[in-house]
Protein chains: 2
Amino acid sequence: MPPSEFELIERYFSRLGAARADVALGVGDDAAVVEMPAGQLLVAAIDTLVEGVHFPRGSPPSSIGHRALAVNLSDLAAMGAEPAWALLALTMPEARADWLAAFAAGFEALARAHGVALIGGDTTSGPLTISVQVLGFAPQGAVLRRSGGRAGDAVYVSGWPGEAAEGLALELAGTAPVTAAGAVGDDDARSLRLRFLFPAPRVALGRALRGAASACIDVSDGLLADAGKLARASGCGVELDAGLLPLSPALLARCGRARAIERALCGGDDYELCFTVPPERAAALEARLAAAGHLVRRIGVLTAGGTVVARDGGTVIEVSSRGFDHFAR
Amino acid sequence: MPPSEFELIERYFSRLGAARADVALGVGDDAAVVEMPAGQLLVAAIDTLVEGVHFPRGSPPSSIGHRALAVNLSDLAAMGAEPAWALLALTMPEARADWLAAFAAGFEALARAHGVALIGGDTTSGPLTISVQVLGFAPQGAVLRRSGGRAGDAVYVSGWPGEAAEGLALELAGTAPVTAAGAVGDDDARSLRLRFLFPAPRVALGRALRGAASACIDVSDGLLADAGKLARASGCGVELDAGLLPLSPALLARCGRARAIERALCGGDDYELCFTVPPERAAALEARLAAAGHLVRRIGVLTAGGTVVARDGGTVIEVSSRGFDHFAR
C-alpha cells in the first residue's frame, strides 16, 4: 500500500523551513497559530503555480518547490516586508515519494535562507497546482506600495531582467535537465536556465528600500508591463530607456542586443524589483545600495500622463497597458 | 475581446466581503497589509477544493464560492478563533463573467456573515482549483487544539452529521439543480443537498468552546475518522455510541436508520465541530450552549489506549485509523 496522504504530509512537510520561536502551533492541527511581533503590520501574499502554465511539464520538482515559495517572497520583498511564515496548498495527481522529497528540498532550502517556517498546508489530489501563502510583517509607515510614485521620480530595476525569459525558452527547447547541483551545456545557457528555475527573491533589497523608494513592484509579468502597473497605480505614465537596461553578459551572448532588450522589457519570471525614487534622494540611495551589494540600475522616469513606453534611441516601443494576462493570451 | 484577468479581478474581487477598518491595504498591490489587534495570536488555515475531487463537476458556482470559504472558516472555528481576512487563489480554465459573478456572490454572502474581508488573491489559468487562506485571531490561552483531550472526556458533535454526505450522493445522482434561492424535489432531499452545497461553519460555537472544551477538530473527512484524529493527537482512543448520534429527520426519512448511521459516522463534508469536555464540566457547558442556541450532542468518550470504535448496541464498528485519504482511496 502506498503511503497515505497523512504519512506523506508528516514525512515531508511537518517541519519544513526555519525553526521559529514565534510558531505556537505548526503543521498538524486544523490551523496554525503564531505570535505577531508587537507594533508591526501583518503582510500577506498568495500566488499559484500551475503546471503547463507557470512552469513546463516535467520541470525539476526542486525548482517547482523553490519557485512556489520564491514568487511569494518576491511579493513580500516588493512591500519591504520581512517574511516569516508560509502555508502550502499542494494539489498533485499522485503522491510520489521521490517527487515530494525533491519538491520539499527545493522549498526547504529557500525557506531556511529567508528564515521562513512552513506552518500549515493542505495536500489534495488533482492536476499539479501549487498555491503558497506567505505571511510576514513590516513596521507601520515602512510598507512600500505601488501607488507612491510621482512624475519625475527615477525608475530602477534590480538584477538582470530578461535572463529568466531566455532561460525558460531554453527549458522549453527541451535540452538536457539542469538542476542547482549540476548541469550540462555551455555556461551561459546554464546560468540563464538556473535564473528561471531558481529565481532569487530580492527580500533584502526590499527592506533596504524602506523609507527611500516612493513605490515598488515585483517584476513577474515583464518589466515594461509591471513598471506600467506601478505607474498606473501612482497616477503616472512611465518612460524606460532601453539603452539603460542592465543586459547581462550571458543574455547578450545568447541573444544579441535586440532580442536581449525584448527579453528584458517583455519577458516574465524575473522576480526582480522595479521601484521609483524621488530625484533628490536618488544619488544617496544608489550609493547606499551599492555599498550593501545590491545591484540596481536607473532605467527611466515616471511621467505625467498615462503612457507606458520604452525608447531605444529614436525608436519608441509601445506596449499594451494590459501587460501579461493569463486568460487573454 | 474578453475582459482581461486584471479587469475580472477588479470587477469581482476588489471589494469582496466585509469592510474592515483594520485593512491597511487590500486587493491590488503585491501583498495585503492588515493591522493585528494587540495581544492576540494570529491563526491561519489554507484549504483547497478541486473540481471532481471535492465537488462534482458542474456544481453551482455560488456553492463553490461558499464552500471554498466555508471549509477554511470551519478550520478557524475548530481553533476557537475569530476569522478576519481571506486570500483567494482561483485557478480556472476560462474566465467567464457569469460564473465569476455567481462564485463571487457565494463567497461574498458567507464572508459578510462572518465579518471577513477578502484582502488578496491570485487568478490563474488551469484546471478548476480554489485555494482559500483565512486569517484570524484568538487571545493567548484561548486556542483550541486537537491534542488537549484526556481519557474519560466526553465527546460531542454539533449539528446533523451525515446530512452532507447524503446530500452529495443526491447531487451526484444528477437530479435537477438546487441553489440557496430555490429548488425542486421533496423538502428532505432539498435540505440535504443544501447542507452539502452551503455548509454552515460553526464559528460562533468554536468561540463558545474557548476555555471549556479540552480539544476540538472540525469534521470534514467523516465523524469517526476525525474523532479518531482528535483522539490520536490527544494520546487516547475514542468510543462513539451510534445510539447517541444526532440523526436528522431528513436523513432518517431518506436513508433509514442503518444507512443514516453510516453516513453520520463515515460521510465527509459535514463541517461540524467534534470536541471533548472533561466530565466535571460537561453539564454546565451543555446548559450554556443550549441557552445560546448551539445544537450539540454527547456521542461518546475518549478512552485509554488507541482504538477508534463505534458501538451500536452489541455490534462494534471499527474503522481504519487512516481516515479519509485523497491518494490511497
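Note that the structure is a prediction, hence the values are computed from the model and not measured.

Student: Would you take a moment to explain the overall build of chain A for this structure?
Tutor: Of the regular secondary structure elements, chain A holds 10 helices and 13 strands. Projected onto its principal axes, the C-alpha positions of chain A cover 65 × 50 × 40 Å. Buried residues in chain A amount to 59% of all 329 residues. A separation of at least 24 residues holds for 84% of the contacts in chain A among residues at least 6 apart in sequence. As presented, chain A carries roughly 11,800 Å² of accessible surface, and 52% of it is formed by carbon and sulfur atoms. Charged side chains in chain A number 29 positive and 36 negative. The centres of these two groups are separated by 4 Å.

Student: Which parts of the structure should I look at to understand the interface of chain A and chain B?
Tutor: Interfaces are often sized by the amount of accessible area the parts lose when they come together. Contacts between chain A and chain B engage 67 residues on the former and 67 residues on the latter. Of the roughly 5,300 Å² buried at the junction of chain A and chain B (both faces included), carbon and sulfur atoms supply 62%. Seen at the junction of chain A and chain B, the total is 15 residue pairs in polar contact (both at pLDDT 80 or more). In terms of residues, the side of chain A that touches chain B owes the most to one element, strand S3 (residues 40-50) of chain A, which gives 9 residues. Among the residues forming the side of chain A that touches chain B, the class breakdown is 36 nonpolar, 15 polar and 16 charged. Sheet topology places strand S2 (residues 32-35) of chain A next to strand S3 (residues 40-50) of chain B; 4 bridges connect them, and they run antiparallel. Bridging across to S3 of chain B, Glu 35 of chain A finds its partner in Leu 41 of chain B.

Student: Would you mind showing me how to read the relation of the copies chain A and chain B here?
Tutor: Look at the two chain copies: a rotation about an axis and a shift along it is all it takes to match them. Mapping chain A onto chain B is achieved by rotating through 180° and translating by 0.0 Å along the same axis, at an RMSD of 0.0 Å. These values place the two chain copies in the arrangement generated by a two-fold rotation axis. By residue overlap, the copies meet face to face through one surface: 100% of the interface positions of chain A are interface positions in chain B.

Student: So what exactly am I meant to see when it comes to the sheet that holds strand S5 (residues 117-125) of chain A here?
Tutor: The pairing of strands in a sheet happens through backbone hydrogen bonds and is either parallel or antiparallel. Pairing is mixed across the open sheet formed by 6 strands, whose spatial order is S5(A)-S4(A)-S6(A)-S3(A)-S2(B)-S1(B). Every other strand in the sheet has two partners, leaving S5 of chain A together with strand S1 (23-25) of chain B as the edge strands with one partner each. When the angles between neighbouring strand axes are averaged without regard to direction, this sheet yields 20°. The pairing of strand S4 (residues 82-92) of chain A with strand S6 (residues 129-139) of chain A spans 9 bridges and is classified as antiparallel. By the bridge assignment, Trp 85 of chain A is partnered in S6 of chain A with Leu 135 of chain A. Its contacts with the sheet put helix H2 (residues 61-78) of chain A on S3, S4 and S6 of chain A, and the angle it makes with S3 of chain A is roughly 140°. Where helix H3 (residues 97-113) of chain A meets the sheet, its contacts fall on S4, S5 and S6 of chain A, and the angle it forms with S4 of chain A comes to roughly 160°.

Student: Help me understand the nonpolar core in this model?
Tutor: Most often, soluble globular proteins keep nonpolar side chains buried together rather than apart. In terms of nonpolar packing, the biggest core is built from 66 residues, with Phe 13, Leu 69, Leu 90, Ile 130, Val 132, Leu 209 and Phe 275 of chain B touching the most fellow members. In terms of residue count, helix H2 (residues 61-78) of chain B provides more of this core than any other element does, 9 residues in total. Excluding residues within four positions of it along the chain, Val 132 of chain B makes contact with Ala 45, Ile 46, Asp 47, Ala 68, Leu 69, Asn 72, Ala 86, Leu 87, Leu 88 and Phe 107 of chain B. With 60 residues, the next largest nonpolar core counts Leu 16, Ala 104, Phe 107 and Leu 285 of chain A among its residues.

Conventions adopted
Residues numbered from 1 in each chain as written. Chains lettered and ligands numbered in written order. Predicted model: local features only at pLDDT ≥ 70, side-chain atom pairs only at ≥ 80, totals over all residues. Heavy atoms only, no water. Helix = DSSP H or I, 4+ residues; strand = E, 2+ residues; numbered from the N terminus. Buried < 20%, exposed > 50% of the residue type's maximum accessible area, 1.4 Å probe, protein only. Contact = heavy atoms within 4.5 Å. Areas by Shrake-Rupley, 256 points an atom, 1.4 Å probe, with all protein chains shown as cover. Lys, Arg positive; Asp, Glu negative; His and termini not counted. Charge placed at Lys NZ, Arg CZ, Asp CG, Glu CD. Buried area = accessible area lost by both parts, 1.4 Å probe. Polar contact = N/O pair within 3.5 Å; in protein donor to acceptor, adjacent residues only side chain to side chain. Nonpolar A, V, L, I, M, F, W, Y, C, P; charged D, E, K, R; others polar. Pairing = 2+ DSSP bridges. Least-squares fit on C-alpha atoms with pLDDT ≥ 70 in both. Axes fitted to C-alpha atoms, helices over the stretch in contact; angles between N-to-C directions. Core = buried A, V, L, I, M, F, W, Y, C linked by side-chain atoms within 4.5 Å.

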